[in-house]
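Descriptive structure summary
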Amino acid sequence: MEFALQKLPLVVLLIPMFSFLVLAFFGNKLPRGGDWLATTLLFLNLALSGFILFVFGMTGRYELNLEWFNLGNNSFFGMQKFFAGFQIDALTAVMLVVVNAISSFVHLFSVKYMEGDAKYKKYFSYLGLFTFSMLGLVLTNNILLMYVFWELVGLCSYLLIGFWYENKAPQEAAKKAFIVNRVGDVGFFLGISVLFLTIGSLTFSDIFAGVEAGKLAGGTLTAAGILLFCGAVGKSAQFPLHVWLPDAMEGPTPVSALIHAATMVAAGVYLVARIFVILSADALTVITFIGVITAFISATIALTQNDIKKVLAYSTISQLGYMIMAIGVGAYSFGFFHLVTHAFFKACLFLTAGSVIYGMHHVQDIREMGGLRKKMPITFYTFLMATLAISGVPLTSGFLSKDAILASTLAFADINGGITILVPILAFGVAGLTAFYMFRLLIITFLGEPKNKEKYEHCHESPVQMTLPLILLAVLSFFGFFSLNPLSADHGWFLTMVKMPESLLAGTQGAMYHILPLEEFEEHLHHAHGTAMILSLVISGLGILTAYLFYYWEKINADKLAEAIKPLYNFSLNKWYFDELYDKTAVAFTMGISKLSGWIDAKIVDGIVNGSATFTRGISKYSGLFDNIFVDGIVNLTGGLVGAFGLIFRKFQTGKIQTYIAFLVFGIIVLYFVFRVF
Amino acid sequence: MEIGLTHYLVLGAVLFGLGLFAMISRRNAILVLMGIELILNAANINLVAFARYNGLGVDGQVISIFVIILAVAEAAIALGIVLNLYNNFATVDIDEANTMKD
Amino acid sequence: MIEFKLLGIGILSWMTFLPVLGMIVLLFMPRSAEKYIKYVAVGFTALLVVLAAVMLSVYDPSKAGVNTLSGFQFVEKLTWIDIPAYLWDGRIKIEYFLGVDGISFPMVLLTALISFIGAIVSFSIKRNEKGYYVMYLFLVTGMMGAFVALDFFLFFVFWEIMLLPMYFLIGIWGGERREYAAIKFFLYTFFGSAFILLVMIGLYFSSKDPETGLHTFNMITLMDPRTIPADSLLGALNVTWRLIAFVSLFIGFAIKVPAFPFHTWLPDAHVEAPTAISVILAGVLLKMGTYGMLRISWSIFPDGARYFMVPIAIIAAINVIYGALCAMAQKDFKKLIAYSSISHMGYVMLGMASLTTIGINGAIFQMFNHGTITAVLFTSVGVIYDRAHTRGLNDFGGLANKMPKYFAVLMVAFFASIGLPGLSAFISETFVFLGGFKNEFIRTVAIISTLGIILNAAYILWTIQRLFFGTLPEKWNELTDINPRELISTVPLLIIVIALGIFPSYMLNLMTTSVNTLVNFIWGIN
């Protein structure tokens, strides 16, 4: 029994792989492309992972480690072994449920949403592959293996963003996503290398033990932390590599919900949470500021976007920034908590957006919508629930997690003082902005008068396969699921299970940031809690109110305001010109240098080769001439001389024996006289 | 005047000279053959003369007989060649038989 | 050691000379049996695969080889040339000496495999098949022989044997500029051979076998420092000459790799060569250069390898980055893959320059992986060229829906080529980089060359986009999907790629012992 239970996570991991293989190879033979199979398997998987979470709650952490391969024993480098294995701890157990839940909901949702698509079967097989990779990512106990799955989810993301590759935009978006992620991954890889070279093992437990033993410390440790964080910057779309995520919305909407909102993009946060205990004070400072800057930038961009999915994409980036920031300030469990709550309500938001797009026959521009509440009541109410959650309104899960994070930022500023005060200021600001733009979206989309009558008339509520996941996700956005106390989740099951670990570097200090021992940090946190709650309520309320003022009651004309602050408005609308900046610099530079290299190779390097060939041929021409005229001349001269003598002597060669005898006689006579004389 | 060795030798020399001349200057194959016969006979005269005057016994005569027999054989073969020459070239002029020259 | 002989001839000789037997059979085939020629050739190469599998089953991975004769397996040693001391100084004795260890064995497997695949790919050859397959089999003999020869002279003979059939295969069955490419290939490699020859002769006259007291070409004996007296030309005291010899050997092998700036023969040769020959060229021939470095330069001149590791790493990094940049600039599919080969061979050299176990393991593994992956890539280029008669990337688009199986095959190969985890090249590239980072002298260079990871992804994804995405131009409506024969020549390789990505130990176990010994030998640790 014990043994079977320990192997259960492997079953959970392999079920989606099985689904992928069956659909990829036999999908054509199955009725409906095998969607029922994939969906059923995923729900089964959800049940199993729920069971694992439950068992984990009783038995606690365990690990299964196998040798993957080794490089033999070397007297200089020692035994170099690589392991593969998985572990079940709080993070993993929770993530398993989150991934499987959202994946199974998305499977169900896609059955209708993707109906009639030419690549229906392919779509479900990709979903299976993605789920497999994502589960692998959260299950593994080894950072190298995590990198493996990390890249595999990237591959799935590439395939699914570019799912409709017949069109230009998805192609470009897919390529961009993969390459931008690669940039981050190189950093991640370098970070892994640092760990391998200093600690010699890539298993998390060994890494932590190594850091604790001081094998890796000081600047190298900070560098390793920041390099590993680079991976998270790519995958979780943090500034400055956030540009791929909004474009990724070119993929099918359920995919956006699954990959680009709830699970894959959260992998970066998961990574940072995993390695939290070894992050040095300086690394954490960098992480905090990257997080808060990302949250702020994307929140400002989200204000002006008109594509329903783009708004949600920027809000995702902003929330991811929140989570990163939360871990950066030391609120590990709150950051992770926010990851989970966000996964549910953001998946809900994306799926409702999908439902709207489906109902509106592929219209994504919110300026075409309006008044959809009457036509799509279920969609509207689930959307409302999720919007309340993301805005941090009490009684929602979002309130619990967001409030805790805000409190931690206050505590952080309180401990460190100085410039770190910017962190809570921006964080609260972002909370207000979030509430504003989410309600702007809600109001423009669902309330008011329909802008496009014709589309409106044809609009309809989505079928039950789509609304059921929406309802489930909306329910999961209630506070009750995580904690019985609507104001604080501290004693809910989640935070009891996911406890904040003590940093291995507690008590150390960087340039701007102390890592306090856990107890002291919680002390500060406790003080900040009340302030944070009141402040966040006021700010969210203000945000929502402003949204209503602008778009519902129309007391203030948004267009006029936009006109008045045109430069700022354009700056936000054009996403701070990041794309243009990268196109003009990095992309243009690479393309330029590639063209240059191609030219150099063809003209100069090869030119030298061909030039030397031409040179040699030139030389050979002259040496050929020399040979013909001079060297051969001598030879011919010899021949000629011989020939000339021959011409003379051949006269004597008549072939007539009589002549020869005559010469003979003549010769004898001559010889006779010669001998007589001498 | 006593007929001595010298006379025979002079006769032999004259015959030899005539034969040589005939062999060199004649273009008719038959005449060339006759020249050869003269040379052989000049040699015979010398052999017999040396046998007689220098006490060689009958050796000289024996060798002369050999030479005569050889001359017969030679004449038979040579005439056969000449006959063939005539058959092929319709002439016995040896200068005409030059097809191997070029 | 297990004696493994058939008809009194060792298995390595069988491996090497079976293709020659095949040549003879082909030459005596009557005109009426012409259509069976290709099947006979495939049969003979298939026998190689069978023999390789037999070898794999009895190969003992715990034996090191490298510099100890007893560590080599399947050894065959006969006197080949023996000229008694006569008019000149000393007796000349050259041995027919074959054997494999962990460094050459993966290459032997690769050669058998790729030869077989190449023979199947060659079915598209329509002109003078007999001549083609005769040359092809001759080429296989040369390649196999070079990997198993342990006598420098014998190695050199096989090394040169490869050139001739290659010249004809490109020059006769190639594309439009085939003569130019063939001559360029031949002269370039021949130029390199001259350097190798010089060093070979230098080594011969410097050496003195401690047992027999004769000069020797035996590579294993040459590795023993006692063989080369310290005061001889290439002896330990003549540091300068030893380094010059190392550089000279390096140039000779670098041309084959090809390393920057000796690489320009490669794109031309690849573009003009028929598909199967590109497969062989990229799959096996390029590895000859890096194999030669490990087997000869690194082993006989470990001091040179240590002295020059930084410049070699820099050349490797240039290969990686410059190759990728050039690939990005190409519009011809085949040329792009050719440049990507240059980039990937850079990884191999980087791993070797690191002189660490992990780096060299990675390098050998990468040699194998690059062989399998580019074989698929070049075959795929052939697939589309046979159908469309053009390789211009900009001429295509939207093939994904038209040729879904082809799309699937090429996607796996492309992602393998950019080192996607789960596929074999990931492990080898990771090792190469870890090795590079581990060696502190070349760490910076290794870090810079990680740029290659991004660039590789960029041009491969761009290629995917240009070939497969978007809408299909009207003129390609008639294109048919990849056929069963082409699937047979690609799918087995992809299965190997995937299997080794998940279970790399099957390949790594074959070489780790040898690599550890080699690294210890290079650093003088025993």
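Everything below is about the structure printed above this text.
Described below are features of the structure shown in this document. Throughout, residues of each chain are indexed from 1 in the direction in which the sequence is written. Throughout, the order in which chains and ligands are written sets their labels, letters from A for the former and numbers from 1 for the latter. A pLDDT threshold of at least 70 governs which residues receive local features in this predicted model, and a stricter bar of 80 or more applies before side-chain atom pairs are shown or counted, although totals over entire chains, interfaces and linings include all residues. With hydrogens and water set aside, each side-chain value is computed from the structure's full complement of heavy atoms.

**Considerations on the overall build of chain C**
The helix and strand labels rest on DSSP assignments: H or I over at least four residues marks a helix, E over at least two residues marks a strand, and numbering proceeds from the N terminus. Counting its secondary structure elements, chain C contains 21 helices and 4 strands. Taking 24 Å as the expected radius of gyration for a compact globule of 526 residues, we find that chain C reaches 22 Å, a close match to that expectation. Over its C-alpha atoms, taken along the principal directions, chain C stretches across nearly 75 × 60 × 40 Å. Exposure classes here rest on a 1.4 Å probe applied to the protein chains alone. A residue is buried below 20% of its type maximum, exposed above 50%, and partly exposed in between. Burial status across chain C gives 66% buried among its 526 residues. For chain C, the share of sequence-separated contacts (at least 6 apart) that also reach a separation of at least 24 residues comes to 78%. Values of accessible area rely on a 1.4 Å probe in the Shrake-Rupley scheme; residue burial ignores everything except the protein chains shown. For chain C, the accessible area works out to roughly 17100 Å², and carbon and sulfur atoms hold 67% of it. Only four residue types enter the charge count: Lys and Arg as positive, Asp and Glu as negative, with His and the chain ends excluded. For this purpose, a charge sits on NZ of Lys, CZ of Arg, CG of Asp or CD of Glu. When the 33 basic and 29 acidic side-chain charges of chain C are each reduced to a single mean position, those positions are 5 Å apart. Here the globule rule is a power law, 2.2 Å times the number of residues to the power 0.38, and the radius of gyration is based on C-alpha atoms. In this analysis, two residues are considered to be in contact whenever any of their non-hydrogen atoms come within 4.5 Å of each other.

**Remarks on the interface of chain C and chain A**
Of the residues lining the interface, 61 residues belong to chain C; the matching set on chain A comes to 51 residues. Surface buried jointly by chain C and chain A totals about 4800 Å² across both partners, of which 70% is contributed by carbon and sulfur atoms. Salt bridge criterion: a side-chain nitrogen from Lys or Arg within 4 Å of a carboxyl oxygen from Asp or Glu. Viewed at the interface, chain A and chain C are joined by 1 salt bridge. The shortest N-O distance in the salt bridge between Lys184 of chain C and Asp606 of chain A comes to 2.5 Å. Whenever two N or O atoms come within 3.5 Å, that pair is a polar contact, provided that in protein one can donate a hydrogen and the other can accept it, and provided that, for residues adjacent in sequence, both atoms are side-chain atoms. Scanning the region where chain C abuts chain A turns up 18 residue pairs in polar contact (both at pLDDT 80 or more). Here the side of chain C that touches chain A gets 10 residues from one element, more than from any other, and that element is helix H19 (residues 451-468) of chain C. As a working definition, buried area equals the accessible area (1.4 Å probe) given up by two parts on being put together, with both sides summed.

**Let's talk about the packing of aromatic side chains**
Only Phe, Tyr and Trp rings take part, Trp by its six-membered ring, and two of them pair if their centres are within 6.5 Å. Stacked means planes under 30 degrees apart, edge-to-face means over 60, and tilted covers everything else. Across all of its chains, the model carries 87 aromatic pairs over all chains by this definition. A ring pair is formed by Trp68 of chain A and Phe69 of chain A, whose centres lie 4.8 Å apart and whose planes are at 55°; its orientation type is tilted. Taken as a pair, Trp68 of chain A and Phe69 of chain A share a single burial class, namely buried. On the numbers, 5.6 Å between centres and 35° between planes, the contact of Phe155 of chain C with Trp159 of chain C is tilted. Placement of the pair is Phe155 of chain C and Trp159 of chain C together in helix H5 (residues 152-173), with a separation of 4 residues, close to one helical turn. The pair Phe155 of chain C / Trp159 of chain C is uniform in exposure class, with both members buried. The criterion for a charge sitting over a ring is simple: Lys NZ or Arg CZ within 6 Å of the ring centre, and within 35 degrees of the ring normal. Lying across the ring of Phe163 of chain A, Lys119 of chain A places its NZ or CZ 5.2 Å from the centre. Its end group placed over the ring of Tyr322 of chain A, Lys402 of chain A keeps NZ or CZ at 5.6 Å from the ring centre.

**Remarks on empty space enclosed by the protein**
All names here are of chain A. Space inside and on the surface of the protein is sampled on a 1 Å grid over the protein atoms alone, with a cavity defined as a set of points where a 1.4 Å probe fits but cannot get out and a pocket as an open set with protein on both sides within 12 Å along at least 5 of 7 lines; lining residues have an atom within 4 Å of a point. Grid points are joined across faces, edges and corners, and a volume is the space filled by probe spheres set on the points. Within this structure, the stated rule accounts for 9 cavities of 30 Å³ or more. Its volume calculated, the largest cavity comes out at about 150 Å³. As for the largest cavity, its lining consists of 18 residues, of which Gly330, Tyr513, Ile515, Leu516 and Phe521 are closest to the centre. When residues of the lining of the largest cavity are traced back to their parent elements, those giving at least two are helix H17 (397-416) and helix H22 (518-552). Here the lining of the largest cavity takes 3 residues from H17, the largest share from any one element. Gly falls in the polar group here, along with every residue not listed as nonpolar (Ala, Val, Leu, Ile, Met, Phe, Trp, Tyr, Cys, Pro) or charged (Asp, Glu, Lys, Arg). In terms of residue class, the lining of the largest cavity is built from 13 nonpolar, 4 polar and 1 charged.

**Comments concerning the interface of chain B and chain A**
Buried accessible area, meaning the area lost when the parts come together, often serves as the stated size of an interface. In this assembly, 9 residues from chain B lie in contact with 7 residues from chain A. A combined buried area of about 630 Å² lies between chain B and chain A, and 64% of that area is made up of carbon and sulfur atoms. Linking chain B to chain A there are 0 salt bridges. For the side of chain B that touches chain A, the element with the most residues is helix H1 (residues 5-25) of chain B, which contributes 3 residues.

**Some details on helix H14 (residues 357-388) of chain C**
Helix span, expected: 1.5 Å multiplied by one less than the number of residues in the helix. With 32 residues, H14 of chain C should reach 46 Å at 1.5 Å per residue; the first-to-last C-alpha distance of 46 Å fits that figure. Burial analysis of H14 of chain C places 30 of its 32 residues in the buried class, the great majority of the element.

**Comments concerning the pattern of salt bridges**
Residue and element names in this part refer to chain A. Per the stated rule, a full pass over the model turns up 18 salt bridges over all chains. Put simply, Glu115 and Lys112 hold a salt bridge, and the shortest N to O gap is 3.2 Å. For Lys176, the salt bridge is made with Asp579, and the minimal N-O distance between the two is 2.8 Å. In this pair, Lys176 sits in helix H6 (residues 168-199) while Asp579 sits in helix H25 (residues 578-649), placing the two residues 403 residues apart along the sequence.

**Section: the pairing of strand S4 (residues 92-100) of chain C**
Residues and elements named next belong to chain C. With respect to burial, S4 is a largely interior element, 7 of its 9 residues being buried. Relative to S4, strand S3 (residues 73-83) runs antiparallel, the two being bridged by 8 bridges. Paired with Leu78 across the strands is Tyr96, a residue of S4. Only when DSSP finds a minimum of two bridges between them are two strands counted as paired.

**Looking at unusual backbone geometry**
The omega torsion across Val257 of chain C and Pro258 of chain C is -5°, close enough to zero to call that bond cis. Inspection of the secondary structure puts Pro258 of chain C in the loop between helix H8 (239-256) and helix H9 (265-272). Residue Pro261 of chain C is reached from Phe260 of chain C by a cis peptide bond, and omega for that bond is 0°. The topology assignment puts Pro261 of chain C in the loop between H8 and H9. In this structure, Ala237 of chain A takes a positive phi of about 55° despite not being glycine. With respect to the helices, strands and loops of the structure, Ala237 of chain A is situated in the loop between helix H8 (218-235) and helix H9 (244-247). Positive phi outside glycine occurs at Leu355 of chain C, with the angle close to 55°. Its place among the elements puts Leu355 of chain C in the loop between helix H13 (333-354) and H14.

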